[in-house]
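# Observations on the three-dimensional arrangement
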Amino acid sequence: MAKKQRLSGAERRVQLMEVGRSVFATHGYEATSIEEIAHKAGVSKPIVYEHFGAKEGLYAAIVDREMDNLVARMSESIAKGPPRERFEAAVMAFMTYVKEEPAGFAVLTRDSPNDEARRGLTRVIDDLAQRVGDIFQSEFERAGYNPKVAPIYANALVGMVTQVGQWWAAEGRSFSTDHVARHVAALGWMGLRHLPKDPVSPVARSGTKRRG
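The shown structure was predicted, so the numbers you read here are calculated from the model rather than taken from an experiment.

### Description of the environment of V48
Inspection of the secondary structure assignment puts V48 in helix α3 (residues 45-52). Between the C-alpha atoms of V48 and L58, which are 10 residues apart in sequence, the distance is 8.2 Å. For V48, the residues in contact, after removing those within four places along its chain, are L16, I34, A38, V43, G53 and L58.

Listed below in structure tokens is the structure:
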């Protein structure tokens with residue numbers, strides 16, 4: 001019988017994170033136990049504690065890794081090309097992550113134990129909004145718009161993409177990620193193309209007319 005290969009410390013850490021990601025994605029944080037993770041990984045509970053200190057430590061490490069993965073995908077897509085192509089590529093990169101890493105996306109969007117772990121998706125959205133906002137700011141300036149409002153649109157669009165990703169993961173899989181991404185990108189971009197320089201609420205406009 002072949003002797004079972006012993007994993008290095010780094011390899012064991014990666015293995016525990018892979019197993020933990022799957023279990024957390026399936027059960028959520030509260031319903032997941034270190035016992036189950038250790039059992040599925042073929043190790044004792046003290047091994048898990050040795051690497052991560054506690055369940056929260058393992059969860060936070062998994063969240064950080066998923067966040068880095070998603071941000072890297074999005075950042076690469078935003079790095080080059082005309083503004084519209086970069087925006088569409090960023091939407092597609094996000095939807096591709098949702099499709100290819102369902103367990104990772106589930107960990108980012110499911111229940112979390114505390115503010116430290118809950119920072120996962122919030123940090124992703126904040127980071128992406130900042131990067132998208134930088135693009136919007138330069139484009140707003142070029143088009144004669146107030147660049148200070150760029151973060152409003154960046155956060156709105158990133159939030160929209162995130163919500164669509166959650167919907168697709170839960171019940172929208174009858175549509176391909178490419179199909180969904182093209183529609184989301186079209187909605188976002190066409191909205192920007194027809195953006196008034198000083199938006200006025202229709203209610204405020206009608207009120208002004210009545211007062212006149």
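### Describing the packing of aromatic side chains
All told, the structure shown has 6 aromatic pairs when counted by the stated rule. On the numbers, 5.9 Å between centres and 10° between planes, the contact of F24 with Y29 is stacked. Classification of F24 as buried rests on a relative accessible area of 2%. In this structure Y29 comes out as buried when scored by relative accessible area, which is 6%. Their ring planes at 80° and their centres at 6.4 Å tell us that Y97 and F105 sit as a pair that is edge-to-face. Here the two residues Y97 and F105 agree in accessibility, since each one is buried.

### Description of empty space enclosed by the protein
The final tally for this structure, using the stated rule, is 2 cavities of 30 Å³ or more. By volume, the largest cavity amounts to about 90 Å³. Considering the residues around the largest cavity, the lining is formed by 10 residues, among which M74, F87, V132, V158 and V161 are closest to the centre. Partitioned by chemical class, the residues of the lining of the largest cavity number 10 nonpolar, no polar and no charged. Looking at the second largest cavity, its volume works out to about 50 Å³. Around the second largest cavity, the lining residues are I78, P83, R86, F87, A90, V132, I135, F136 and W189.

### Section: the pattern of salt bridges
Two side chains of opposite charge can pair, provided their charged atoms sit close to one another. Taken as a whole, this structure holds 9 salt bridges when the rule is applied. In this structure, R65 and E18 form a salt bridge, with 3.0 Å as the shortest nitrogen-oxygen distance. A residue pair is termed long-range when its members are at least 10 positions apart, and R65 in helix α4 (residues 55-78) and E18 in helix α1 (residues 9-27) qualify at 47 residues. For R65, a relative accessible area of 26% gives the class partly exposed. The shortest N-O distance in the salt bridge between E100 and R73 comes to 3.1 Å. In this pair, E100 sits in helix α5 (residues 83-100) while R73 sits in helix α4, placing the two residues 27 residues apart along the sequence. Exposure remark for R73: the relative accessible area of 21% places this residue in the partly exposed category. Via salt bridges that share partners, E18, R21, R65, E66, R73, E100 and E101 belong to a single interconnected network.

Calculation notes
Residues numbered from 1 in each chain as written. Predicted model: local features only at pLDDT ≥ 70, side-chain atom pairs only at ≥ 80, totals over all residues. Heavy atoms only, no water. Helix = DSSP H or I, 4+ residues; strand = E, 2+ residues; numbered from the N terminus. Contact = heavy atoms within 4.5 Å. Phe/Tyr/Trp six-rings, centres within 6.5 Å; stacked < 30°, edge-to-face > 60°. Buried < 20%, exposed > 50% of the residue type's maximum accessible area, 1.4 Å probe, protein only. 1 Å grid on protein atoms, 1.4 Å probe; cavity = no way out; pocket = protein on both sides within 12 Å on 5 of 7 lines; lining within 4 Å. Points joined across faces, edges and corners; volume = space filled by probe spheres on them. Nonpolar A, V, L, I, M, F, W, Y, C, P; charged D, E, K, R; others polar. Salt bridge = Lys/Arg side-chain N within 4 Å of Asp/Glu carboxyl O.

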